[in-house]
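Listed below, chain by chain, are the residues.
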Amino acid sequence: MLIRNEIDRDLPAIREVVTEAMKMLPQATGTEAAIIDRLRADNALSLSLVAEDGGEVVGYLAASDARIGAASGWGLIGPLAVRPPRQGQGIGSALMAEAILRLRATCKGAALVGDPGYYGRFGFRFFPKLRVGSCPPRFVQALSFDTRAPKGELIHHSAFGLEQQG
Ligand SMILES: CC(C)(COP(=O)(O)OP(=O)(O)OC[C@H]1O[C@@H](n2cnc3c(N)ncnc32)[C@H](O)[C@@H]1OP(=O)(O)O)[C@@H](O)C(=O)NCCC(=O)NCCS
């Protein structure tokens, strides 16, 4: 399996992988593939990684620039998706490892909204003063690349369509 940057001809497969995978998540909105398209159109995908196996896109990870409170320089990971029949084979972990490696070179830290049961294994954790609107706090997680604890609202790019206040 190869983890690499997206290329133009991956776009239909990325939409398909993300749409199929998100159907498994009760809290998914069905708009995740469109969010990625909007981020791309705004040149706001800091990472757009595909996992390719046997010539097929089997997984996908996006990252975009984010602020936490007044602090810019955070990398927001998501969506992350693996084709349902290929889940549980380490593909999501390989995408996360590559994303963290790359964000470490350019960002203060990585942040995301997701299941702590999964992301804890990569070092993500809950911080008491980190939040996203009314989202239950344990789902808002960060991995700080320095010793500072992130504090404040995790501000997503407008492509996510969240109504947020810094
Ligand atoms: C979550 C997801 C990206 C993980 O990718 P994956 O390739 O299946 O994950 P890996 O094979 O690297 O890791 C599998 C491990 O994660 C665990 N896991 C997967 N989803 C989990 C979750 N929501 N909570 C806790 N653990 C989870 C599996 O039980 C397995 O555990 P083990 O290593 O102890 O056996 C993938 O399952 C997926 O696309 N799910 C639907 C969409 C989604 O939830 N996206 C993330 C939120 S944006």
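Residues numbered from 1 in each chain as written. Predicted model: local features only at pLDDT ≥ 70, side-chain atom pairs only at ≥ 80, totals over all residues. Heavy atoms only, no water.

Student: Help me understand the UniProt feature "domain: N-acetyltransferase" (unreviewed entry) in the protein chain in this model?
Tutor: The sites that UniProt annotates as "domain: N-acetyltransferase" (unreviewed entry) are residues 1-150. Span residues 1-150 is 28% helix and 35% strand, its end C-alpha atoms 34 Å apart. (UniProt positions renumbered as here; feature names shortened; annotations may be inferred. Helix = DSSP H or I, 4+ residues; strand = E, 2+ residues; numbered from the N terminus.)

Student: Is there a simple way to think about the site of the ligand in this case?
Tutor: The ligand sits among 18 residues. The nearest are Val 82, Gly 88, Gly 90, Gly 92 and Ser 93. The separation between an oxygen atom of the ligand and a polar main-chain atom of Gln 89 is 3.1 Å. At a separation of 3.4 Å, an oxygen atom of the ligand approaches a polar backbone atom of Ile 91. Protein contact buries 66% of the 890 Å² of open area that the ligand shows by itself. When atom positions are compared with the pocket grids, the ligand is found to occupy the largest pocket. Contributions of two or more residues to the shell around the ligand are made by helix 1 (11-22), strand 4 (71-82), helix 3 (91-106) and helix 4 (116-119). When the residues that make up the shell around the ligand are grouped by side-chain class, the tally is 9 nonpolar, 7 polar and 2 charged. (Near = heavy atom within 4 Å. Polar contact = N/O pair within 3.5 Å; in protein donor to acceptor, adjacent residues only side chain to side chain. Areas by Shrake-Rupley, 256 points an atom, 1.4 Å probe, with all protein chains shown as cover. 1 Å grid on protein atoms, 1.4 Å probe; cavity = no way out; pocket = protein on both sides within 12 Å on 5 of 7 lines; lining within 4 Å. Sits in = over half its atoms within 2 Å of the grid points. Nonpolar A, V, L, I, M, F, W, Y, C, P; charged D, E, K, R; others polar.)

Student: Explanation requested: the pairing of strand 4 in the structure shown.
Tutor: Sheet faces and side chains relate simply in a regular strand, where the side chains alternate between the two faces. Among the 12 residues in strand 4, 9 count as buried, and that is most of the element. Taken together, the 8 bridges between strand 3 (residues 56-68) and strand 4 define a ladder with antiparallel strand orientation. Its bridge partner being in strand 4, Ser 64 is matched across the sheet by Leu 76. Between strand 3 and strand 4, which pair antiparallel and follow one another directly, the connecting turn spans 2 residues, one of which, Gly 69, has a positive phi of 60°. Of the pairings in the sheet, the one linking strand 4 to strand 5 (residues 109-113) comprises 3 bridges and is parallel in character. Its bridge partner being in strand 5, Trp 74 is matched across the sheet by Gly 109. (Buried < 20%, exposed > 50% of the residue type's maximum accessible area, 1.4 Å probe, protein only. Pairing = 2+ DSSP bridges.)

Student: What should I look at first to understand the side chain of Ser 144 in this one?
Tutor: Residue position: Ser 144 is located in strand 8 (residues 140-144). The exposure class assigned to Ser 144 is buried, which follows from its relative accessible area of 18%. A distance of 3.0 Å separates the side chain of Ser 144 from the backbone oxygen of Asp 146, its partner in a polar contact. A distance of 2.8 Å separates the side chain of Ser 144 from the backbone oxygen of Arg 148, its partner in a polar contact. What Ser 144 contacts, discounting residues up to four positions off in sequence, is Trp 74, Lys 108 and Gly 109. (Contact = heavy atoms within 4.5 Å.)

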